[in-house]
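Survey of secondary and tertiary structure
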Amino acid sequence: MKNAFTLAEVLITLAIIGVAAALTMPVLISKYREQVTMNKLKKFYSTMAQAQLRSVTDNGEIETWDWVPDGGESNNQIVLNWFNKYFGQYLQKIEIIDNKKLNDDNELVDSGVFVMLSDGSVMNFGGFAGGYMHIYYYTDYKTLKNKSAQMGKDVFLFGFMVKTNGHKCLKTFNAYGCDWDENTLKYSPWGGCYTENPTQGKAYCTRLLQINNWQVPKNYPFKF
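Residues numbered from 1 in each chain as written. Predicted model: local features only at pLDDT ≥ 70, side-chain atom pairs only at ≥ 80, totals over all residues. Heavy atoms only, no water.

Below, the discussion takes up the pattern of salt bridges. Enumeration over the complete set of coordinates arrives at three salt bridges. A salt bridge links Glu34 to Lys31, with the nearest nitrogen and oxygen atoms 3.2 Å apart. Of this pair, Glu34 and Lys31 are both found in helix α1 (residues 7-59), three residues apart, which corresponds to roughly one turn of the helix. Given the relative accessible area of 47%, Lys31 is considered partly exposed. In this structure, the salt-bridge partner of Asp66 is Lys85, at a minimum N-O distance of 3.1 Å. On the criterion of sequence distance, the pair formed by Asp66 in the loop between α1 and α2 (76-86) and Lys85 in helix α2 is long-range, its members being 19 residues apart. Take Asp66: its relative accessible area is 44%, and that puts it in the partly exposed class. (Salt bridge = Lys/Arg side-chain N within 4 Å of Asp/Glu carboxyl O. Helix = DSSP H or I, 4+ residues; strand = E, 2+ residues; numbered from the N terminus. Buried < 20%, exposed > 50% of the residue type's maximum accessible area, 1.4 Å probe, protein only.)

So this is what it looks like as structure tokens:
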């Protein structure tokens, strides 16, 4: 009767365990990062929605807010004033940070108002453009300065629709693309959330996650 493993058997067992760990650890890490990101997105959306409700109580219905019309002037000071009036006072433990980010020439340029939240994530009120107040949400500060940050993985697009031509999500904080159906969100040549789409950084991925209750759907173009 054998009372102990031989050295060879121990080494083989350790090798098998090592191979199994090497195969499973990247998957586990990716799933963990995915869950952290989804939790942050869910919390951010809830926080902003609650702040909007409080702002409505103090400042009146959203339709009466100081919206800049499509084609109207929008600069950092206008955006900062708008943020401070309608949202800043309703968000806890926030910090206005350097309102610059890298352009295509690797230079820091003015790009709206950047606000760091209590969990270290950052939102960028990019300004009124094309009838839309763009709000970019960065999962953490380092992605703000990272030129390789990807829309739908590291940065997510929210905002307010300012136009008044029948949009169902008019002037309500929501994920970008809130008017579109799931097929358009996935496969639109402009911003569609599919792997082969190189245009506009997959801007509709945020809305696709939102309608899936902040869970990553099958065939999502990114691994976390």
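The next point concerns the confidence of the model for the chain. When the pLDDT values of the chain are averaged, the result is 83; 82% of them are 70 or greater. Least confident of the elements in the chain is strand β2 (residues 100-102), whose mean pLDDT is 58; most confident is helix α5 (residues 205-211), at 96. (pLDDT = per-residue confidence, 0-100.)

Let us now look at the sheet that holds strand β7 (residues 155-161). With antiparallel pairing, the six strands of this open sheet are ordered in space as β1-β4-β5-β6-β7-β8. With partners counted over all chains shown, the strands left at the sheet margins are β1 (95-97) and β8 (174-175), one partner each. Its contacts with the sheet place α2 against β1, β4 (113-116), β5 (122-129), β6 (132-138) and β7, and it is angled at close to 120° to β5. (Pairing = 2+ DSSP bridges. Contact = heavy atoms within 4.5 Å. Axes fitted to C-alpha atoms, helices over the stretch in contact; angles between N-to-C directions.)

Turning next to the environment of Val56. Positionally, Val56 belongs in helix α1. By relative accessible area, Val56 is classed as buried at 19%. Between the C-alpha atom of Val56 and that of Tyr86, which follows or precedes it by 30 residues, the distance is 8.3 Å. Apart from residues no more than four positions distant in its own chain, Val56 is found in contact with Glu61, Ile62 and Trp65.

What follows concerns the state of the cysteines. With the rule as written, the count across this model stands at one disulfide. Across the disulfide, Cys193 is cross-linked to Cys205 (sulfur-sulfur distance 2.0 Å). With the S-S dihedral at roughly 100°, the linkage between Cys193 and Cys205 falls on the right-handed side. Taken together, the residues Cys193 in the loop between α4 (182-187) and α5 and Cys205 in helix α5 connect sequence positions 12 residues apart. Taken individually, Cys193 and Cys205 each receive the classification buried, so the pair is uniform in this respect. (Disulfide = S-S within 2.5 Å.)

Our focus in this paragraph is the pairing of β7. By the criterion of burial, β7 is predominantly enclosed, with seven of the seven residues buried. In this structure, β6 lies alongside β7, joined through seven bridges in antiparallel fashion. The partner of Tyr137 across the bridge, within β7, is Phe156. Inspection of the sheet shows β7 paired to β8 by two bridges, in the antiparallel sense. Within β8, the position partnered with Phe158 by the bridge is Ala175.

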